[in-house]
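As a plain string of letters, each chain reads:
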Amino acid sequence: MTGHTSFDTLREGLIIIREAWNLNYKVILFDFDDTLVDFHDAEVQAYAHLMRHYEVPSRIHNYKRFKEINQNHWEAFQRGEITKAEVLSHRFIETFETYDMTVNRQEADIIFRDGLARAPIKWLTGVMPMLDTLSSQYTLAIVTNGVTDTQKRRIAQTNLHSMMDHIFISDQVGAQKPNVAFFEAVFEVFSQYDKKDFLIVGDSLTSDIQGGINAGIDTCWFNHRQLENQTTIQPTYTIEHIEALKEILM
């Protein structure tokens, strides 16, 4: 009798918890880099790894310039102006030109991505407790742009495989955010859900938020670096702290 009462109490408690959350959304899509983990930290380490390999003196390192070059190339790719292969190689041609150096661009890309994969994962504040909470209430998935091997090695440092229902990597999908084809692959896996059931959470307006808009789903811009939106892209929600996601979902 006691065991039966305990089970009923537990079941009632779970019902109360589920009713407290906004189950209008059933699938939460999370970007990985700079949404769950600190990509800036990993990129700084990867850049240092690259500079050491080519023996560039630390006194002339210019990570800020590399970051600008890298960002410009990825945004050009998202606009369809250059290919992904051009991003992965040309960014290093331009970077090493600032040091009056010429390097093998394919080799530089491999070395840099190896540095990314080796860099210890640094979680953004509050992310893990939030994922622990959400994983029992929602279907969760990672939607990340990147090279398959690199992203797999980085994600393997975490316990995300046990928390996520699926992990989508653009290289494997064959399309990259914000391309609708990327999200079509997501919808195919989660075919039991309607578009209104999805919410994407990400730090990039041009990739995550524009991608969600293109795909016809609601979007949440995780603006934890408190950037000014200088685009015409309008997310459904904007938050600066991951804890604020509860206000959307509750």
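Residues numbered from 1 in each chain as written. Predicted model: local features only at pLDDT ≥ 70, side-chain atom pairs only at ≥ 80, totals over all residues. Heavy atoms only, no water.

The name recorded for the protein in an unreviewed UniProt entry is HAD-superfamily hydrolase, from Staphylococcus intermedius NCTC 11048.

Description of helix α3 (residues 63–78)
Selection criterion: Helix and strand assignments come from DSSP, with helices taken as H or I runs of at least 4 residues and strands as E runs of at least 2, each series counted from the N terminus. Any helix carries an expected span of 1.5 Å times its number of residues minus one. Relative accessible area decides the class of each residue, using a 1.4 Å probe on protein chains only: under 20% of the type maximum gives buried, over 50% gives exposed, and in between gives partly exposed. Picture the helix axis, draw a direction to every C-beta atom, and the arc is the one those directions span. The contact criterion used is simple: two residues touch if any of their non-hydrogen atoms lie within 4.5 Å.
Taking 1.5 Å of rise per residue, 16 residues should cover 22 Å, and α3 covers 22 Å from first to last C-alpha, within 8% of that figure. Among the residues making up α3, those that are buried are Y63, F66, I69, N70, H73, W74, A76 and F77. The buried residues of α3 occupy an angular sector of 160° when the element is viewed end-on, so they sit on one face. Buried residues along α3 sit against α2 (39–53), α4 (84–97) and α5 (105–118). Directly beyond the C-terminal end of α3, a positive phi value near 80° is found at G80.

A look at the pattern of salt bridges
Note the following rule: Counted as salt bridges are all cases of a side-chain nitrogen of Lys or Arg within 4 Å of a carboxyl oxygen of Asp or Glu.
A complete count under the given rule lists 19 salt bridges for this structure. A salt bridge links D34 to R225; its shortest N-O distance comes to 2.8 Å. You can see D34 sitting in the loop between β1 (27–30) and α2 and its partner R225 sitting in the loop between β5 (218–222) and β6 (237–239), a full 191 residues away along the chain. Under the relative-accessibility criterion, R225 is labelled partly exposed at 39%.

Overview of the packing of helix α9 (residues 180–189) against helix α10 (residues 205–215)
How two helices sit against one another is set out by the angle between their axes and by the gap between those axes. Put simply, the rule reads: In this analysis, axes come from line fits to C-alpha atoms, helices being fitted only over the stretch in contact, and the angle between any two N-to-C directions falls in the range 0 to 180 degrees. Each angle gets one of four labels, with under 35 degrees taken as roughly parallel, over 145 as roughly antiparallel, 65 to 115 as roughly perpendicular, and the rest as oblique. By convention, the crossing between two helices is left-handed when the near helix turns anticlockwise from the far helix through less than a right angle, and right-handed when the turn is clockwise. When residues are grouped by polarity, Ala, Val, Leu, Ile, Met, Phe, Trp, Tyr, Cys and Pro land in nonpolar, Asp, Glu, Lys and Arg in charged, and all others, Gly among them, in polar.
It is at 9 Å that the axes of α9 and α10 come closest, and there the two elements cross at 70°. Looking at the two axes, α9 sits roughly perpendicular to α10. Considering only the axes of α9 and α10, their crossing is right-handed. Where α9 abuts α10, its residues V180, F183 and F187 lie against G211, G212, N214 and A215. Across the contact of α9 with α10, the residue classes tally to 4 nonpolar, 3 polar and no charged.

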